[in-house]
Protein chains: 2
Amino acid sequence: MLQPLNKQEQAKLVQFVSERSQEISADILIKAQEIIDQVKEQKDDALFALTKRFDQVDLSSLKVSEEELDEAIAQCDPAFKKAMEMAKENIEFYHKAQKQNSFLLEKEEKIYLGQRVLPLDSVGIYVPGGRAQYPSSVLMNTIPAKVAGVKRIVMTTPPNAEGKIHPNIAFAAKLAGVDEIYKLGGAQAIAALAYGTQSILPVDKIVGPGNIFVAAAKKLVFGKVDIDMIAGPSEILVIADGKADPKFVAADLLSQAEHDPMACSILITTSPKLVDQVNQELEKQSAVLPKREIVEQSLANHGHSIVCDSLEECISLSNLIAPEHLELMVESPMEYLGQVKHAGSVFLGYYTCESVGDYFGGTNHVLPTSGTARFSSALGVDSFIKKSSYLHYSKEALQKYGEQIVKMAQEEQLDAHAQAILVRMDT
Amino acid sequence: MLQPLNKQEQAKLVQFVSERSQEISADILIKAQEIIDQVKEQKDDALFALTKRFDQVDLSSLKVSEEELDEAIAQCDPAFKKAMEMAKENIEFYHKAQKQNSFLLEKEEKIYLGQRVLPLDSVGIYVPGGRAQYPSSVLMNTIPAKVAGVKRIVMTTPPNAEGKIHPNIAFAAKLAGVDEIYKLGGAQAIAALAYGTQSILPVDKIVGPGNIFVAAAKKLVFGKVDIDMIAGPSEILVIADGKADPKFVAADLLSQAEHDPMACSILITTSPKLVDQVNQELEKQSAVLPKREIVEQSLANHGHSIVCDSLEECISLSNLIAPEHLELMVESPMEYLGQVKHAGSVFLGYYTCESVGDYFGGTNHVLPTSGTARFSSALGVDSFIKKSSYLHYSKEALQKYGEQIVKMAQEEQLDAHAQAILVRMDT
């Protein structure tokens, strides 16, 4: 059952969501740093030794060969492969629209300036192993990099007990266009991507989720390379009007709750009756779920319902929370989108459940958590480019405006800056 | 004199530049955290006490009134004001071209999706005080936020010995359109911007340079709010052909060197003769500079010259370094721009010295240092927006593609995700 919240408690919820970013203890940071140091010193030798220690497999080569890749892919369910191919097309369609162009401005004759949009040279994508495997994440992390124009996309993922790559991950990697795949997990994978070894050349940016050691290692190598955000626990906020189907609302809250006992599922509605109906549905639907235990823990701790007087008020409250996922289960949802100021991704109407976006619709599922949607964005093409500006002044242009530049430099007591203009004005 | 480097030493230089990001000692982090905690607990009381302690002034109000602002501005040199107004127009002209539009895609009937570009609600700009004052930085930090559409732009800057704001900083703030100005510096200013006090409401992002305590505090509040990059020492790389005027080259290297004994000035050229001439000019020009001591230290430690066989080779080497500032002092510089893969900002031709861009040309002077131009960009409109995606599937669309989404969810063993689709397909 969702815990109903009154006005005072709402403020606490806002604070709770924004403060629950993933803390990493000093203990874990130290262990991750030790692994990084070991990889920096012993390179491939360290990678083989650490893989033996953590994954209990003795590999002769880290790189997944074309043959091994094809063998793995042969085991995939054709229906899954077809679905992935359709999803890939949708994800590509959306991300292509994110591409930005370089520009050139001509301010006046012989003064021109602009901005170039350039892809990163190389990117590393970490894909977790273990029992859970998320081929959809491979698409979501790789396709934007590909669309951005990154030439070298490297994936690392821990080997399974037989020293193999998971078939679905193999298929996703090939489909998305990953260039190199290594069987390597944990902090050692992050270290190898950041610093390079004999087998693995370093990359410029590392993205993708992982366990707490992976997150710690990413934090530690940041600066040497760029990283994506280190995601906190996930949250969904459903805004529903009185016409929303309680079955749908409950199913969507459960889809969030099954991720993690820390996941947060919030219903904000104008209808007190809907809250009761949703609570009944939650009980009914959760009873048959394989992950029932996680779901119940998650809802008990972080499932909340709030009743507001109007949809405008619902959205104002949502703006304070800045949720990762926001469902607008209302009639004419586009009429309300403009009021949404802070949300990672918005799902419009009764039939667009979060799952559509998680897998298939085309928008990215790597989203800002813990209220960071206030100031940050989903993973996308922007995550894999950088911008470089350029400026040209001719001799005439410099002589025309030199006086102003010299004055500004002198006021800041940067005489050599002024001098660089003056030597050119003298000619 | 620039230290000539051979091939082996070049690799060391690349490593040196990329590894010299600003390290902050644990000692300083602890002191900054203490100040942050004090501000969180005692709010305004802490701000007044800390200002008395660090700035030796006893303020009755932190906020700069309209009256005080106008009084300060009245003291500015009219020629400086005129130059700043012209610079502002150029900076606005360039940054307006950076604005991105929201988009809407119609994939098929009743399936639509897109991305909204939204400004941050509020931004804090830190402006250092002390003897040095950089009104140009106020323009460079504020104008992109203004162009992005940020509604509330707050500036903090330490008061001078009389408890006043520096006239030039006051003018720059008013010109750029800052909404609120507070006389407050150090880690306490960062804490106030991140957590808020009675006088200062919190902001979503903090930008602007500062001393080591400011940098430490920014690192510590990151996550609660967003921050810009913490800049390392600055660098310039000049690529010059045989026709470049040694006087110009030397002046530009000196303009970098005067910033800081840690600043790095590198000349890469196809002409050994130019190196000799530049060295002579450096001696001559530095002799008359007020900051001669800093310049000489900087050049002795971090001034380098490298001779290559071709301009292509010069640019390849520059790409390895990924300099903050790159001057292409060559004939037909636009012919070479395409080869530049990694550089914060590029200055084209013999007459576009870095000073033009530092103050006036319109491109931003807040640039990625320490080789991070490999993966990051100048401050700009992008720094003050976030993107929020949206997705709509109708009932028909969901029923058409539900099977694929269910399959993908099931392969990932996320049954509640599948269930959210299935309950809708049943209707």
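Residues numbered from 1 in each chain as written. Chains lettered and ligands numbered in written order. Predicted model: local features only at pLDDT ≥ 70, side-chain atom pairs only at ≥ 80, totals over all residues. Heavy atoms only, no water.

A. Quick look at the overall build of chain A. Helix and strand counts for chain A come out as 17 helices and 14 strands. Summarising its shape, the C-alpha atoms of chain A cover approximately 85 × 60 × 45 Å along the three principal directions. For chain A, the share of sequence-separated contacts (at least 6 apart) that also reach a separation of at least 24 residues comes to 75%. Summed over its atoms, the accessible surface of chain A is roughly 16,400 Å², and 50% of this surface lies on carbon and sulfur atoms. Of the side chains in chain A, 42 bear a positive and 57 a negative charge, and the two mean positions are spaced by 4 Å. (Helix = DSSP H or I, 4+ residues; strand = E, 2+ residues; numbered from the N terminus. Contact = heavy atoms within 4.5 Å. Areas by Shrake-Rupley, 256 points an atom, 1.4 Å probe, with all protein chains shown as cover. Lys, Arg positive; Asp, Glu negative; His and termini not counted. Charge placed at Lys NZ, Arg CZ, Asp CG, Glu CD.)

B. Examining helix α2 (residues 26–42) of chain A more closely. Residue and element names in this part refer to chain A. Given a rise of 1.5 Å per residue, 17 residues ought to cover 24 Å, and the 24 Å separating the end C-alpha atoms of α2 matches this to within 8%. Buried residues of α2: Ile28, Ala32, Ile35, Ile36 and Val39, and no others. Buried positions in α2, seen along its axis, are confined to an arc of 100° and lie on one side of it. Summarising the geometry of α2, the exposed residues directed more than 90 degrees from the buried face are Ala26, Ile30, Glu34 and Glu41. Turning to α2, the residues buried within the fold contact α3 (44–55), α8 (186–195) and α9 (212–221). (Expected span 1.5 Å × (residues − 1). Buried < 20%, exposed > 50% of the residue type's maximum accessible area, 1.4 Å probe, protein only. Arc of directions from axis to C-beta.)

C. Spatial organisation of the relation of the copies chain A and chain B. Under the fitted operation, chain A is carried onto chain B by 0.0 Å of movement along the axis and a turn of 180°, and the coordinates agree to an RMSD of 0.0 Å. Both chain copies can therefore be described as sitting about a two-fold axis. The C-alpha atom lying nearest the rotation axis in chain A is that of Gln100 of chain A; the distance is 4.2 Å. The overlap is high: 99% of the interface residues of chain A also sit at the interface in chain B, so the same surface is used on both sides. (Least-squares fit on C-alpha atoms with pLDDT ≥ 70 in both.)

D. Local environment of the pairing of strand β11 (residues 303–307) of chain A. Residues and elements named next belong to chain A. Extensive coverage of β11 is indicated by the burial of four of its five residues. For strand β1 (residues 3–4) and β11, the ladder comprises two bridges, and the chain directions are parallel. Across the sheet, the residue bridging to Gln3 is His304, located in β11. (Pairing = 2+ DSSP bridges.)

E. Structural context of the domain arrangement of chain A. In terms of domains, chain A is made up of domain 1 (3–22 + 232–362), domain 2 (26–101 + 122–227) and domain 3 (394–425). Taking the mean C-alpha position of each, domain 2 of chain A and domain 3 of chain A sit 50 Å from one another. (Domains from an automatic or database assignment.)

F. Inspection of the sheet that holds strand β14 (residues 385–393) of chain A at higher detail. Read from one edge of the open sheet, nine strands run β2(A)-β3(A)-β14(A)-β13(B)-β12(B)-β9(B)-β10(B)-β11(B)-β1(B), paired in mixed fashion. Single-partner strands in this sheet number two, and they are β2 (103–108) of chain A together with β1 (3–4) of chain B. Against the sheet, helix α1 (residues 7–19) of chain B touches β1, β9 (235–240), β10 (264–269) and β11 (303–307) of chain B, its axis set at about 140° to β11 of chain B. Sheet strands touched by helix α5 (residues 78–96) of chain B: β2, β3 (111–119) and β14 of chain A. Its angle to β2 of chain A, the strand with the most contacts, is close to 150°. (Axes fitted to C-alpha atoms, helices over the stretch in contact; angles between N-to-C directions.)

G. Representation of the interface of chain A and chain B in the model. Listed as interface residues are 112 residues of chain A and, on the opposing side, 113 residues of chain B. Buried surface at the junction of chain A and chain B, both sides included, amounts to about 10,400 Å², of which 60% is carbon and sulfur. Linking chain A with chain B are 73 residue pairs in polar contact (both at pLDDT 80 or more). It is helix α5 (residues 78–96) of chain A that provides the largest number of residues to the side of chain A that touches chain B, a total of ten residues. Along the lines of polarity and charge, the residues of the side of chain A that touches chain B split into 54 nonpolar, 33 polar and 25 charged. Bridge count for strand β13 (residues 345–348) of chain A against strand β14 (residues 385–393) of chain B is four bridges, and the pairing is parallel. Within the sheet, the bridge partner assigned to Val346 of chain A lies in β14 of chain B and is Tyr390 of chain B. (Buried area = accessible area lost by both parts, 1.4 Å probe. Polar contact = N/O pair within 3.5 Å; in protein donor to acceptor, adjacent residues only side chain to side chain. Nonpolar A, V, L, I, M, F, W, Y, C, P; charged D, E, K, R; others polar.)

H. Structural context of the UniProt feature "binding site: NAD(+)" (unreviewed entry) in chain A. All names here are of chain A. Per the UniProt record, the feature "binding site: NAD(+)" (unreviewed entry) sits at Tyr126, Gln188 and Asn211. Taken along the chain, the residues just named run across 86 residues; in space they keep tight, none of their C-alpha pairs more than 12.4 Å apart. With respect to the element layout, Tyr126 can be found in strand β4 (residues 122–126). Once residues lying within four places of it in the same chain are set aside, the contact partners of Tyr126 are Thr156, Pro158, Leu184, Gly185, Gly186, Ala189, Ile190, Val207, Gly208, Pro209, Gly210 and Val214. Among the polar contacts listed, one links the side chain of Tyr126 to the backbone nitrogen of Gly186, at a separation of 2.8 Å. Of note, Gln188 is situated in helix α8. A residue is classified by how much of its surface remains accessible, and Gln188, at 2% relative accessible area, is buried. (UniProt positions renumbered as here; feature names shortened; annotations may be inferred.)

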